[in-house]
Amino acid sequence: MSVLLEMKNIHKVYPNGTAASRGVDLQIHEGEIHALVGENGAGKSTLMKMLFGLETPTSGTIEYKGEPITLGGPRDAIKYGLGMVHQHFMLVPSLTVSENIVLGEEPKQGPLSLFRDRGAEERQIAQLMATYGLKVEPQAKVETIPVGQKQRVEILKVLYRGARIIILDEPTAVLTPQETDELFDSIKALVAEGYTIIFITHKLREVMEISDRVTVLKAGKTITTLMTKATNPEEISRLMVGREVLFRVKKRPAEPKDAVLSVQGLQAADDKGAPALRGVSLEIRAGEVLGIAGVEGNGQTELVETITGLRPSTAGRIRYLGEELTGRSAGEIRAMKVGHVPEDRQTAGASLTSTIAENLILDHYRNPAFRRGPFLNARKIKEFAQTMMQIFDVRARDEEVAAGSLSGGNLQKVVIARELSKNPKLLIVSQPTRGVDIGAIEFIHSEIVKRRDGGAAVMVVSAELSEVMALSDRIAVMYEGEIVAVLDNTEELTEEEIGRYMLGLGTETKHKEHKEQEAI
Amino acid sequence: MWQSIWSQLMDLTLVVVLLRYMTPILLAALGGLISDIAGVLNIGLEGLMLISAFTSIAVGSASGNWLVGVAAGMGASILICLCMGFFSIKLGVDIIIAGFAVNIFGSGITIFLMSKIFHVTGNYSPSERTPIPAVKLPVIQDIPFLGKLLSGHSLMVWIALLAVLFCVVLIYRTPYGVHLRAVGEAPSAAKSLGIPVNRIRYSALAWSGAFAGLAGAYLSMGMTSMFVKDMTAGTGFLALAVVLLGKRNPVGILIGSLIFGLASAVTTIVQTTEGTAIPSQFVQMIPYLVTLAALVFFEVRKRKGSAVPAAHTL
Amino acid sequence: MKSVKDIYLELSGIAIAVLVALACGFAVILATSSEPLTALSSLIVDPVTNPFNIGTVINKAVPLMLTGLALAVVFQAGVFSMGAEGQLYMGGFAGALAGIYIKGLPFWLHFPVIIGCAMAAGALYAAIAGLLKTYANANEIVTTLMLNFVAILTTSYFVNNVFKDPTSGGAARMAYLSPEVLLGKLIPGFSAHGGIVIALLAVVLVYLLLYKSPVGYELRLVGKNGKFATYGGISTNRVILTSIMLSGALAGLAGIVEVLGIHGTFKENFSAGLGFDGIIIALLARNHPIGIVVASLFYAYIQVGAQTMQAGSDMPREVAVIIQVMLVLLVSAQGIFRLLKQNVRTKGGVV
Amino acid sequence: GNGDSSSESTPASANGGAAKVKVAYYVDGMLGDKGFFDSAQRGVDKAAKELGMDVKTVEGGTNQADWAAGLESLVASNKYDVIVVGTSNMTDIVRELAPRYPDEKFIYFDDNIGDIPNIYSMLYAQSEGSFLAGAFAALVTESTELAAANPEKTIGFIGGMDIPIINDFKAGYEQGAKYVDPDVKVVSSYVGDFANAPKGKELALAQMNGQQADIVFQVAGGAGLGTLEAGNEAGKYTIGVDSNQNALYPGSVLTSMMKNIDASVFRALELFQQGKLEFGKNEVLGIEEGGVGLAKDDLYASKVPQSIQDRMAEIEAKVASGEIKIDSILN
Ligand SMILES: Nc1ncnc2c1ncn2[C@@H]1O[C@H](COP(=O)(O)OP(=O)(O)OP(=O)(O)O)[C@@H](O)[C@H]1O
Ligand SMILES: Nc1ncnc2c1ncn2[C@@H]1O[C@H](COP(=O)(O)OP(=O)(O)OP(=O)(O)O)[C@@H](O)[C@H]1O
Ligand SMILES: [Mg+2]
Ligand SMILES: [Mg+2]
C-alpha cells in the first residue's frame, strides 16, 4: 500500500500554553483503516484537527502523496479529499438534516446561482443515503433526532463533500452496540470502495475488530504504529497507559441487604409529551448493583431523571429508605444522599466554565461545615477539593482550573468524585465511562464496586452492554418504556440473550423472573 | 375619543398613520434581525439610523436626488457597521459595547458635522427638499376605499414591506441565509465546513447597516424633510425589542412592527382628542405596554401548546 | 487564579490600549483643534490635577459603580437586563418620597429608611421583569426596555403633578430634602460627596455576596450553566428572580445616591442614561466588582476630561464625546490582549 | 464694569487697546434647540462681534448631574469677567453657587433669581407672549379671509413634554384663545421629548386632519420643527416659538412667539461693558419691555390679513398696558 498522508514531527502549542503535540509522526496508507489510540488528552483530536486544517501546527510538516502541503482551513483539507467527523457533533441544531448535510456546498439554482435548489438537494441526499445505506429523515430538524442518527448525518456530510479520507473522532462513544455494528458495516463498505479511514476510539475491542494498523499516542508523542493482526489489546493498553490494565472488574459476589429503592408502576412522559415510562417497577437493595440494559431511547434517561426528581412522574410511586420520593424536588432528593452521575457530563454533569472546586462543592455549599458565618469557607473548600482531586486522581494544575479545560476522562472523574463524596446510599450512574480512556475506566469501575461493597445501592445505566455485564449483579432490560426482563448476572448469561430482550424478542421462560420482580 | 378612533379607523387614517410609524421600526428591526441570527446582536441601530438620517438628507439635498441621498445614508451606515465588525470581530470588543459606542458616536458625529458643514446647530432643513417620493397608483388611487389604503404611501413604506419578503427569501431560500443561521447558532460547525465565519458576520453587520440606513433615511427624507439632532428618540431600541418580540423571524418582526405601529397610531389619536382625562404620560405609555402585553401573550400561548410543564418553577 | 505573568500581560495590554486610544484621540484633536496641546492636556491632565475636578470624577463614578454592580449581578446570573435605568428612577423616586414625607424621624433612622425605600422600590420594580421572565418566559431585554419607558413616564407624571414642589417654577422637581439626610461633602472644600463611601461599601458587599456566599455561588452557577444548576437541585427560577431583584435594589440605590448626593431631590430626567452606562461599565469590568471600581473611575475620568477639554480649549463637545468613545472601544479591545498573550506564549514557534 | 484688567495680556483687539471683556456662556443642555439656548447664543455672538467681547460657550450636555459641577469649574477658573447662564433648570444651582463666588458676575436669563448681589436676572413673561399666540390662533381659525381656515373653531397646541414650563405656554395660549372667543376649542398633545421631529409631525397632522385644527402652536424644540412641516404639508397654519421661525415655511408659519433672549442678553452685556448693569436686580420682561412678542416681519405683514394684524395690535396694547391680566401657572 502507498503512503497517502504523512505527518512529520508535528508540534502544537495552544494559545493558552498547552503543548498538545510534542513531535508526532503519523503515516496513513491508502485504503486502510488506521486506528488512533491514547489516553484522554494524549493529543488525538488535536492531531486530527491539524490534519483537517482547523488548527495550525506550531511546527512540522504534512505531506499528501509525498508532497508537502499547507492547510489554511477546512476548505483546503476538503480539496485533498479529507473529511472529518468530530468528537463533539458539529451540527446546527435548528437546521434540518438535509440543510446540515449540504451546508457550505449547497446545490444552487436561479439567476447567478443565488438560490438554494431544494429539489437537487433532496435528490442528491436520497441517492447518497441509498448508496451507503445510511437512512435519516432528511426534513427532520437535527435537534429532534437521536444521537445515532446525528452520527449518520455527520458521515453523510463528509461523503457528500466527496471525501476519500475520512477521519472519525470517537464515533462510537455515543452509539449503541447495534448502531456501532451498523457503523462498522458502513465503514467496511467504504473501505471496499477504496476509501481510507482514520478511526479514534478508546475501545480496544473495536480497534481489534476493524482496524488494519494502530498508532498509539501518549502525552503528545507517537509511541509506535503496529499491525493490528500482530498485536493484542493487552499490548496496546500497556503502551498507552504504561502499565498493565485489568479488563475484568474484580469483584466479590454481592451481599444484598434491605431494599433501598423501590419503584412501582412508574410512568412519565418524554420531552415531547409522549409516554416514555409505561409502568416501571424495580427494586435495588443495599450492596448490589442493578444494571439497566437497553437500546438507547427506551426510557432509561427518563427513568433516571424521574427517580432523581428532574422529571415529573405521571403515575406510580418511588420509595427510598421508607420515604416517598415522588413529588420531591431534585434538591431535596440530592440532600437525601442520592448520588447521580448524569449521562451528559458536558452540560448537566458539570459547569465547564466554573472551577473544579466549584464543581465539587455542589452538594456541600449549603453545608454548615463549609461555612464561615454567612460566607463560604474558602480554605475548607480548597482542602476538600484538593483531597478529592488526589483521591480520584484528577490531573490538573490545581482546583482553580476551569473544569472545561480538563480532558474527558478527568472531567468524568470530577463528576464521580463529587457524587461519591457525599457517601450516597443510592448511587445512580449513567454512562459512567463514555469517551473515557481505559485507565480511567478501570478506576471508575473499581470505585463503583467499592461503593457497592460499602453498602450502597447502585444503579448503572449504560449503552455499553459489556460495561453493564461487568458491573451488575442483576440486569434489568428496558424496552419501550417497560422492564421486560430482570436477569441474574451469572456466568451463563450471554450478550446475545440480553440483546434479544433489548430488541423486544424476549422468550416466555425468562419472563418468569420478570413477573417475579413485579410481584415485589 | 372612541368615536374619534372609530371614525379614523373607518376612513383609514389610522392605517395610513400606522404604516408611517411602522416603517422605520420594521426596517431597523429587519437589520437587527439579520445581524442577530448571525450571532452579532446590534445594539447600535439607534446611532446607525441617526448617521444615515443625517447623511442621506445632506447628500440628498446637495445632489438634488433623493436616491443618491438614500444610497449615501445606507453607505455611511454600512461603513459604521463594518467598523463595528472590525472592533468586535477583529479586536474582540464586546459587541454590546461596540453597539453602545455607535449610539454615542452617532449622536455626536451628526451634531458635529452639522455645525461644521452647514454651520447650524440642532437641526438642518435644506432649502431644496428632495423627499422620497410617494407612490400614487394610477387607477387605484381613485377607487374610494382601496385608493386610500394602497395609494399615496411613501415609497419607503413599500420598500419596508418588500424588505420583509426579501428577508424571508434571503434567510430561508438562499445558501447565504443558511450560512447566516449556521454561523449564529453553531460557529464552530460552520467553521469546520469551511464557511468563512468572520466574513459572514461582517456581511450580516453590513446588512443591518443597510436596513438601519433605509430606516434612517426614511426619518429625514420620508416622514420629515429635516434632520433634527437625536431625532430617532429611542426608535432603535424599540426596533431591538421588536427583533426579539418577533422571535427572530421576518414575519414575526412584521407582526411586531404592526402591533407597535398600531399602538402608536392609536396613541396619536388619543393624544390629539380634546378633553381626554388621562394624563399625557400615561397615554404615551400605551405602545410600550402593548408591546409587553403582546410579548407575554405570545409566550403564554406558545407554552400552552407544549405538553410538558417546565419541570422546575419556584 | 491568575498567575503574576497573566496579570503583567493584562496590565501591559491595557497600557497599550490606552496609548493607542490616546494616539487616536490626539489625531482627532490635531485635525480639529488649533491648540492641540491645550486640548490634550485639558483632556488628560485637568481631571486629575485640580481638586475640584477630582471630586467631580469621583462623584460621576459613584452612580456608575452602583449601576455597574446592578448589571454585573444580573449578567452573572445569565440574565441580560437593560432595566437599570427604569429601576434607578423608581428607586430615586421612592427614596425621595420617603425623605420628604416621612417626618419626625431622627437622622440616623431617617437615612436608612430612605435608602431602604429606594432599594425596595428598585427591587420590586425589577421583580416585574423577573416574574415575566420566570413565569411567562418573556425575554428580559424586551421587558426591561419597555419598563424603562414606563418608569420614566410614571415618575415624570408624579413629579410634574402630584408631588411637584410648588416653589419649583418651571423645573419639575419635588421639594428639597432636609440637608441633614443629604450626602454632604466628605471633606470640606473637596467636592466629592459621601456617595463614594456607599458605592465602595456596595462593591465590597456585592463582591462578598457573589464570590464568597452560597447565594453568589448559586447565582453564578445558574449563569454559567443552568442545566447543571437544575441538576444540582437549585431552583433556577428562584435564583434568576433573586438576581434581578438584587440588581433592581442596586439600581435603586444608585438613584437615591444621585438624589441625595447631587440633586438634593428627585428631578425629572435626572439620570440621563446612567442605567445604560452601567451596562458598559459591567461589560468593561467583565462583571467583576473590583473591575467595576476601576472601569467606573476610568469612565468618569474620560467624561470629565471631555468636559474640561471643552471648557478649556476650542474643542467642541461632540469631538470630546467621540474621543471618549474611542477610549472605551480600545480599552475594551480584548483582541489586543489576546494577540499579546499569544505572541508571548507561542514565541519561538512557527505560526 | 470691568475697568481694571491691566494684568491680563490682551491680543490686539478691535476696540483699540482696551482689554476685551471675557464672557462665558454656560448652556445647561446643548445648542441647537432653535430656542432659548440658541437665542442667547445669538445675543452673545452679537456682543462678540459688535462690542468686541471675548466669548466662550460651554455646552453642559443633557445630564443634569453635570451642570452644577460644569458651571462651577467655569466659575472657579476665574478666567471670565461675566458669566451668562439661564433657564429654570439652573435656578437652584446658581442660587447656591453665586454667593460662594461673590466676586464673579452673572447675567441670568429666563428666570428671576432673587436677591443675590452679583446676579442680574431677566424673566420673560412667556405666558404673555403665549396669550398673544392664542389670540392670534383664535383669530386665524375664525378668519374667512385665510384660505385654509375652516369653519371649525379648533386650534392646536403641541408641547415637547408635559411639564410646567411648557404648560405655562399652554395656559397663556388658552387664555388668549378664550379671550377672542370662548367657544374656541384647544387640542393639546405632547411629543414626550424635544427631539422626535417625526412624532411632532404626526401629532400635528392628527390634530389638523383628525380634529380640524387649522392652526397649531408648537413649543417642542427640535420636535416642533416637525409640527411646522406638518402645517406646510397639510396646507394649514402654524405658530413658531422662541425665535422667529416665520421664514421656515412662508405663508404657513404665520408668526412666531418670540422670547427676545438674544436682544436682552446683548443689552445686558452692553450695559455691563459700560459699567451700567445693575447687579442684584431682577427684571420681568414682558410685552411692554420687548421681552416677548409675536414676530412681525415682512412675511407677517404680507401673509396675515390686515384685519387680524389690527386686532392683534389692539390686544397687544391692552396686554402691555395691563388692561388684560394673564395668569401664569408658574409662581
Ligand atoms: N482549544 C484548545 N485550547 C487549549 N488547549 C486545548 C485545546 N484543545 C485541546 N487542548 C488541550 O490539548 C491537549 C490534547 O487534547 P486533545 O483534544 O487532542 O486530546 P485527545 O487525545 O483527543 O483526548 P480525548 O481522548 O479526551 O478526546 C489536552 O491537554 C487538552 O486540554
Ligand atoms: N479552549 C480550550 N481550552 C482548554 N481546553 C480545551 C479547550 N477546548 C477543549 N479543551 C479540552 O481539550 C480536551 C480534549 O477536547 P475534546 O473536546 O477533544 O475531548 P473531550 O470530549 O473533552 O474528552 P473525551 O474525548 O475524553 O471525552 C478536553 O478536555 C477539552 O475540555
Ligand atoms: Mg479527543
Ligand atoms: Mg377653523
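Every value quoted in this text rests on a predicted model; they were computed, and no experiment measured them. (Residues numbered from 1 in each chain as written. Chains lettered and ligands numbered in written order. Predicted model: local features only at pLDDT ≥ 70, side-chain atom pairs only at ≥ 80, totals over all residues. Heavy atoms only, no water.)

### Some details on the site of ligand 2
Residues and elements named next belong to chain A.
Okay, so step 1: As a matter of local geometry, ligand 2 sits amid 15 residues, with Asn-40, Gln-87, Gly-404, Leu-406 and Ser-407 nearest to it.
Okay, so step 2: The side chain of Asn-40 places a nitrogen or oxygen atom 2.4 Å from an oxygen atom of ligand 2.
Okay, so step 3: Within the backbone of Gly-404, a nitrogen or oxygen atom sits 2.5 Å from an oxygen atom of ligand 2.
Okay, so step 4: Its free accessible area being 610 Å², ligand 2 has 63% of it covered by the protein chains.
Okay, so step 5: For the shell around ligand 2, the elements supplying multiple residues, two or more each, are α11 (345-349) and α14 (408-421).
Okay, so step 6: Among the residues making up the shell around ligand 2, the classes are represented as 1 nonpolar, 12 polar and 2 charged. (Near = heavy atom within 4 Å. Polar contact = N/O pair within 3.5 Å; in protein donor to acceptor, adjacent residues only side chain to side chain. Areas by Shrake-Rupley, 256 points an atom, 1.4 Å probe, with all protein chains shown as cover. Helix = DSSP H or I, 4+ residues; strand = E, 2+ residues; numbered from the N terminus. Nonpolar A, V, L, I, M, F, W, Y, C, P; charged D, E, K, R; others polar.)

### Points about the coordination of the magnesium ion (ligand 3)
All names here are of chain A.
Okay, so step 1: Of the protein atoms, only Ser-45 (OG) and Gln-87 (OE1) coordinate the magnesium ion (ligand 3), at distances of 1.9 to 2.2 Å. Taken together, the positions of Ser-45 in helix α1 (residues 44-51) and Gln-87 in the loop between β6 (82-85) and α3 (97-102) put the pair 42 residues apart, joining distant regions of the chain.
Okay, so step 2: With a relative accessible area of 17%, Ser-45 lands in the buried category. (Donors = N, O, S within 2.8 Å, 3.2 Å for Na, K, Ca; no water. Buried < 20%, exposed > 50% of the residue type's maximum accessible area, 1.4 Å probe, protein only.)

### Examining the coordination of the magnesium ion (ligand 4)
Residue and element names in this part refer to chain D.
Okay, so step 1: Here the magnesium ion (ligand 4) is held by Thr-141 (O), Thr-141 (OG1), Asn-150 (O), Asn-150 (OD1), Glu-152 (O) and Asp-214 (OD), and the distances to it run 2.0 to 2.7 Å.
Okay, so step 2: Taken in sequence order, the residues that donate to the magnesium ion (ligand 4) follow the motif T-x8-N-x1-E-x61-D. Here the residue Thr-141 occupies a position in helix α4 (residues 126-141), and Glu-152 occupies one in the loop between α4 and β6 (154-159), the gap between them amounting to 11 residues.
Okay, so step 3: Take Glu-152: its relative accessible area is 39%, and that puts it in the partly exposed class.

### Notes on the interface of chain B and chain C
Okay, so step 1: Between chain B and chain C, the residue contacts involve 43 residues of the former and 50 residues of the latter.
Okay, so step 2: Carbon and sulfur atoms make up 81% of the area that chain B and chain C hide from each other, which totals about 4,000 Å².
Okay, so step 3: Between the two partners, chain B and chain C, sit 0 salt bridges.
Okay, so step 4: Those elements that provide at least two residues to the side of chain B that touches chain C are α4 (66-90), α5 (95-118), α11 (235-245) and α13 (280-305) of chain B.
Okay, so step 5: Sort the elements by how many residues they give to the side of chain B that touches chain C and α13 of chain B lands first, with 14 residues.
Okay, so step 6: For the side of chain B that touches chain C, a count of residues per class yields 31 nonpolar, 7 polar and 5 charged. (Contact = heavy atoms within 4.5 Å. Buried area = accessible area lost by both parts, 1.4 Å probe. Salt bridge = Lys/Arg side-chain N within 4 Å of Asp/Glu carboxyl O.)

### Brief notes about the interface of chain C and chain A
Okay, so step 1: On the side of chain A, 35 residues touch chain C, which itself brings 23 residues to the contact.
Okay, so step 2: Contact between chain C and chain A buries roughly 2,500 Å² in total, counting both sides, with carbon and sulfur atoms accounting for 58%.
Okay, so step 3: Counting the surface chain C buries against chain A, the share from its top three residues, Tyr-217, Phe-228 and Tyr-231 of chain C, is 30%.
Okay, so step 4: In this structure, Glu-218 of chain C and Arg-366 of chain A form a salt bridge, with 3.6 Å as the shortest nitrogen-oxygen distance.
Okay, so step 5: Seen at the junction of chain C and chain A, the total is 12 residue pairs in polar contact (both at pLDDT 80 or more).
Okay, so step 6: Elements that contribute at least two residues to the side of chain C that touches chain A include exactly α8 (195-212), α9 (214-224), α10 (226-231) and α15 (334-345) of chain C.
Okay, so step 7: Here the residues of the side of chain C that touches chain A sort into 9 nonpolar, 8 polar and 6 charged.

### Things to note about the arrangement of the chains
Okay, so step 1: For the 5 pairs of chains in contact, the largest share of contacts goes to chains B and C.
Okay, so step 2: Between chain A and chain D there is no contact, and the shortest C-alpha to C-alpha separation is 37 Å.

### As for the pairing of strand β22 (residues 457-461) of chain A
Residues and elements named next belong to chain A.
Okay, so step 1: Of all 5 residues that make up β22, 5 are buried, and the element is covered over most of its length.
Okay, so step 2: Alignment of strand β15 (residues 289-293) against β22, held across 4 bridges, turns out to be parallel. Bridge pairing links Val-289 to Val-458 in β22.
Okay, so step 3: As defined by bridge partners, strand β21 (residues 426-430) adjoins β22 across 5 bridges and the pair is classed as parallel. Along β22, the bridge assignment pairs Leu-427 with Val-458.
Okay, so step 4: Between β21 and its parallel partner β22, the chain crosses via helix α15 (residues 438-453), and the hand of that crossover is right-handed. (Pairing = 2+ DSSP bridges. Right-handed = clockwise from strand over helix to strand, strands pointing away.)

### Brief notes about the site of ligand 1
All names here are of chain A.
Okay, so step 1: The immediate surroundings of ligand 1 are formed by 17 residues, with Gly-41, Gly-43, Lys-44, Ser-45 and Thr-46 found nearest.
Okay, so step 2: Between ligand 1 and Gln-87 there is a distance of 3.0 Å, counted from an oxygen atom to a side-chain nitrogen or oxygen.
Okay, so step 3: Residue Glu-170 places a side-chain N or O atom 3.4 Å away from an oxygen atom belonging to ligand 1.
Okay, so step 4: Burial of ligand 1 by the surrounding chains reaches 75%, relative to a free accessible area of 630 Å².

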